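Tertiary structure, described
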Amino acid sequence: MSFEILPEYIEKVENLLAEDVSLNRIITEIEEALLPEHAAIFLEAFPIKPRLLIWEIFNKEFQQNIFLEMKNESRQMLLNALNDDDCFPLFDKLDANSLLELTEDLSDRFIEYALSQMTAKQRAHFKTAQDYSDQEVGHWQSFDERKIPQKLKVSAAKKIAAQTSLALTDVIYVTDNESKLLGEIAINRLLMLENDNLLSDIVLLEVTALEATKNIEEAADEVIFSGKIALPIIDENGYLTGRLDLQAAYKYKEQLKDNHLMQSAGLSEEEDLFASVWLSSKNRAIWLGINLVTAFLASWFIGLFEATLQQVVALAVLMPVVASMGGISGSQTLTLIIRGLALGQITDANRKAIVNKELKVGVINGLLWATVIGIITFFWFGNSMLSVTICIAILGNILVASVSGVWVPWILNKLNIDPALSGAVVLTTVTDIFGFIAFLGCGTLLLL
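Reading guide: rules and limits
Residues numbered from 1 in each chain as written. Predicted model: local features only at pLDDT ≥ 70, side-chain atom pairs only at ≥ 80, totals over all residues. Heavy atoms only, no water. Helix = DSSP H or I, 4+ residues; strand = E, 2+ residues; numbered from the N terminus. Buried < 20%, exposed > 50% of the residue type's maximum accessible area, 1.4 Å probe, protein only. Areas by Shrake-Rupley, 256 points an atom, 1.4 Å probe, with all protein chains shown as cover. Axes fitted to C-alpha atoms, helices over the stretch in contact; angles between N-to-C directions. Parallel < 35°, antiparallel > 145°, perpendicular 65-115°, else oblique. Left-handed = near helix turned anticlockwise from the far one by under 90°. Nonpolar A, V, L, I, M, F, W, Y, C, P; charged D, E, K, R; others polar. Pairing = 2+ DSSP bridges. Contact = heavy atoms within 4.5 Å. Phe/Tyr/Trp six-rings, centres within 6.5 Å; stacked < 30°, edge-to-face > 60°. Lys NZ or Arg CZ within 6 Å of the ring centre and 35° of its normal. Patch = residues over 30% accessible without salt bridge, like charges linked within 9 Å, V, L, I, M, F, W, Y side chains within 5 Å. Salt bridge = Lys/Arg side-chain N within 4 Å of Asp/Glu carboxyl O.

Comments concerning the overall build of the chain
Helix and strand counts for the chain come out as 20 helices and six strands. Buried residues in the chain amount to 48% of all 448 residues. A total of about 21,900 Å² of accessible surface is found on the chain, and carbon and sulfur atoms cover 58% of it.

Following this line, the structure appears as structure tokens:
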């Protein structure tokens, strides 16, 4: 339910910010209505200044819960904006798994502080996980598994089971004296056994275990298709070290899918909707450069016939460059906006701010790549006016693509048309038409 009301809360807060009215009452309501993961999405729907204003109103415990659910880039933006005294409480009372999720690009001083607040047991768990790469399931294992040594009586095992109130736990793992995994026993079956029986006399169920060095993606799939709530994780010697449960497996798969979506458009998988203009420009400029290489390759093949063509035909040779640069620039914005719409982060109230941000990104990348392309064109054709023509067309097309990347999915969404399916087609049409008109129109004025 909390996810569906996100746009409503975003709209309300935007209106209150515009009217310069106190946000305390609405933020208290939001704390009660939203889960931390939804509150993180809500917070990421605002530019950094109002985001900090909203953040300060949340209570300290809720702040930490939101912090754990944020995307990495959003988390870094927050840490950079706050002073250390405000940041350190966010790392109080973290367990090993929570800290592991935060360590990417996290400053050493925050990691050291978080470790200093942990128990010795949690610090040991953190060290164990750090011994594995982030591509191995051992790095992402949870340490909340319940295990009992085989030498115990059933009565003792029942007491241990009674003390476990963990979600996604329906079995207890049985080990030898050195914690080597022997098998598992269902908790409901354990409760029906006679107290005086020894666990060593009980027939244990065989269990499929994941080796700690197994690829995390493969391990997540194995858990999902195992028919079990969780699978235990063992080291190279067969000793039980942790487990991977269904919730963690599905969370990883969803994150992987989101990463692939963003990477397919040349975006950082963790890019914040209101990331800094310079950071967004840098992330996207790399892919625009890669696209430029492929675009000029296509133009080069056309240009092989240059000697037999008159000057005006040089425009046709360069047309693929104009079209492709607009297309890739628009698709980057399009992907970011589609994700924002899917998460309910984009509303009528913050749409203008998003357009302004994307327009600034477009200006930076437009000027950069228009200059690069203009220089290449001059050395290729030796015609300064042709270079000016393509510079104007590239800059204009990237700007139009940036704005269209916001408006096209927004309008399609309003018309109840899935922008994920049709947005790219509409956007490509817009950028191609504008790019060709701008390029050929400027060519007509400046070259003929």
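Don't stop here, the text continues.
Thoughts on the packing of helix α18 (residues 348-381) against helix α19 (residues 384-414)
Orientation of α18 relative to α19, taken along the N-to-C sense of each, is 155°, at an axis distance of 7 Å. Taken together, the axis directions place α18 and α19 in an arrangement best described as roughly antiparallel. Between α18 and α19 lies a crossing whose hand is right-handed. Residues that form the contact of α18 with α19 fall into these classes: 21 nonpolar, eight polar and four charged.

As for the pairing of strand β6 (residues 240-245)
Of all six residues in β6, six are buried, a share of seventy percent or more. Across five bridges, the pairing between strand β5 (residues 230-234) and β6 is antiparallel. If you follow Ala 230 over to β6, its bridge partner there is Asp 245. If you look at the hairpin formed by β5 and β6, you'll find five residues sitting between the two strands, and Gly 238 has a positive phi there, around 85°.

Some words on helix α3 (residues 36-43)
The buried count for α3 comes to six of eight residues, which makes it a mostly enclosed element. Restricting attention to buried positions, one finds in α3 the residues His 38, Ala 39, Ala 40, Ile 41, Phe 42 and Leu 43. Buried residues along α3 sit against α1 (6-18), α2 (24-33), α4 (48-57) and α5 (60-69).

Observations concerning the sheet that holds strand β2 (residues 171-175)
In spatial order, the strands read β1-β2-β3; together these three strands make up an open sheet with mixed pairing. What marks the edges here is a single partner per strand, and that holds for β1 (147-149) and β3 (181-186). Going from strand to strand, the sheet's axes swing by 30° on average, the running direction of each strand aside. Pairing of β1 with β2 involves three bridges; the strand directions are parallel. By the bridge assignment, Ile 148 is partnered in β2 with Val 174.

Details of the packing of aromatic side chains
Enumeration over the complete set of coordinates arrives at eight aromatic pairs. Ring geometry for Phe 42 and Phe 46: centres 5.2 Å apart, planes at 70°, overall edge-to-face. Taken together, Phe 67, Phe 88, Phe 91, Phe 110 and Tyr 113 form an aromatic cluster joined through their ring pairs. The residue whose ring lies beneath Arg 75 is Phe 67, and the NZ or CZ to ring-centre distance is 5.6 Å. Above the face of the Tyr 239 ring, Lys 180 is positioned so that its terminal group lies 5.6 Å from the ring centre.

As for a nonpolar patch on the surface
Taken together, the side chains of Met 385, Val 388, Ile 392, Leu 445 and Leu 446 make up a nonpolar region of the molecular surface, amounting to roughly 430 Å² of accessible area. Every element with two or more residues in the nonpolar patch is listed here: α19 and α20 (419-447). The element contributing the most residues to the nonpolar patch is α19, with three residues. Looking at the element boundaries, Ile 392 is found in helix α19.

Some points on the sheet that holds β5
Taken in spatial order, the three strands make up an open sheet running β4-β5-β6, and their pairing is mixed. Every interior strand has two partners, whereas the edge strands, β4 (210-211) and β6, have only one. For β4 and β5, the ladder comprises two bridges, and the chain directions are parallel. Paired with Leu 210 across the bridge in β5 is Ile 233. Here helix α14 (residues 216-224) sits on the sheet and contacts β4, β5 and β6; the angle it forms with β6, its principal contact strand, is near 70°.

Remarks on the pairing of β3
Look at any regular strand and the pattern is simple: side chains alternate between the two faces of the sheet. By the criterion of burial, β3 is predominantly enclosed, with five of the six residues buried. Inspection of the sheet shows β2 paired to β3 by five bridges, in the antiparallel sense. Residue pairing for β3: Tyr 173 is matched across the bridge by Glu 184. Hairpin remark: β2 followed by β3, antiparallel, with five residues in the connecting loop; positive phi at Ser 179, about 75°.

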